[in-house]
Amino acid sequence: EIFTEKQALFEEMFQKLGEKCQEVLKLSFVTKTMEEVAAKLKVTYAYIRKKKSLCTGQLTKLIHESVHYQSLKNQ
């Protein structure tokens, strides 16, 4: 039950990210290497690494600022 709630929170916060961040993160979840992600998006490896880092940070911040996260954390 807790896992399901955490998954729902993740999905909700993920939807708040911009379209490009969502695309980068989704591809990084299913693609083996960041080089492949960069090639699919037709950008440099350095750009995609930086973008993924920024997007992951933004997602983490959204989750941690969520009131629902605070209640899940205390369970």
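A quick note: this is a predicted structure, and the numbers were derived from the prediction, not measured. (Residues numbered from 1 in each chain as written. Predicted model: local features only at pLDDT ≥ 70, side-chain atom pairs only at ≥ 80, totals over all residues. Heavy atoms only, no water.)

1. Some words on the state of the cysteines
Using the following cut-off: Cysteine sulfur atoms are paired as a disulfide whenever they come within 2.5 Å of each other. Where helices and strands are cited, they refer to DSSP runs of H or I of at least four residues and of E of at least two residues respectively, numbered from the N terminus. Think of it in three bands: with a 1.4 Å probe and only protein chains considered, a residue is buried below 20% of the maximum accessible area for its type, exposed above 50%, and partly exposed in between.
If you walk through the whole model with that rule in mind, you get 1 disulfide. Here C21 is linked by a disulfide to C55, with a sulfur-sulfur distance of 2.0 Å. Measuring the twist about the S-S bond at about -75°, one finds the C21-C55 disulfide to be left-handed. With C21 in helix α2 (residues 19-30) and C55 in helix α4 (residues 45-65), this pair connects stretches of sequence that are 34 residues apart. Of the two residues examined, C21 and C55, each falls in the buried class.

2. Some remarks on the packing of helix α1 (residues 2-16) against α4
Basically, it comes down to this: To get an axis, fit a line to the C-alpha atoms, keeping to the stretch in contact for a helix; angles then go from 0 to 180 degrees between the N-to-C directions. Should an angle lie under 35 degrees it is considered roughly parallel, over 145 roughly antiparallel, and from 65 to 115 roughly perpendicular; all remaining angles are considered oblique. Should the near helix be turned counterclockwise from the far one by less than a right angle, the crossing is left-handed, whereas a clockwise turn marks it as right-handed. A contact between two residues is defined here by any heavy atoms of the two lying within 4.5 Å.
Put simply, α1 and α4 touch, their axes get as near as 9 Å, and they point 125° apart. The angle between the axes of α1 and α4 places the two elements in the oblique class. The two elements α1 and α4 cross, and the hand of that crossing is right-handed. For the pair α1 and α4, contact is made by L9, F10, M13, F14 and K16 and by L59, L62 and I63, respectively.

3. Section: the packing of helix α3 (residues 34-41) against α4
Selection rule: The classification used treats Ala, Val, Leu, Ile, Met, Phe, Trp, Tyr, Cys and Pro as nonpolar, Asp, Glu, Lys and Arg as charged, and all other residues, Gly among them, as polar.
Running from amino to carboxyl end, α3 crosses α4 at an angle of 105°, the nearest separation of the two axes being 9 Å. One way to sum up the angle between α3 and α4 is to call them roughly perpendicular. Residues M34, E35, V37, A38 and L41 of α3 form the contact with α4, whose participating residues are Y45, I48 and K52. Considered class by class, the residues forming the contact of α3 with α4 number 6 nonpolar, no polar and 2 charged.

4. Observations regarding the side chain of T31
Formally: Counted as a polar contact is a pair of N or O atoms within 3.5 Å, where, for protein atoms, one must be capable of donating a hydrogen and the other of accepting one, and residues adjacent in sequence contribute only when both atoms are in side chains.
The topology assignment puts T31 in the loop between α2 and α3. For T31, a relative accessible area of 9% translates into the label buried. Among the polar contacts made by the side chain of T31, one reaches the main-chain carbonyl oxygen of L27 at a distance of 2.8 Å. Excluding residues that lie within four positions of it along the chain, T31 makes contacts with E36, V37 and K40.

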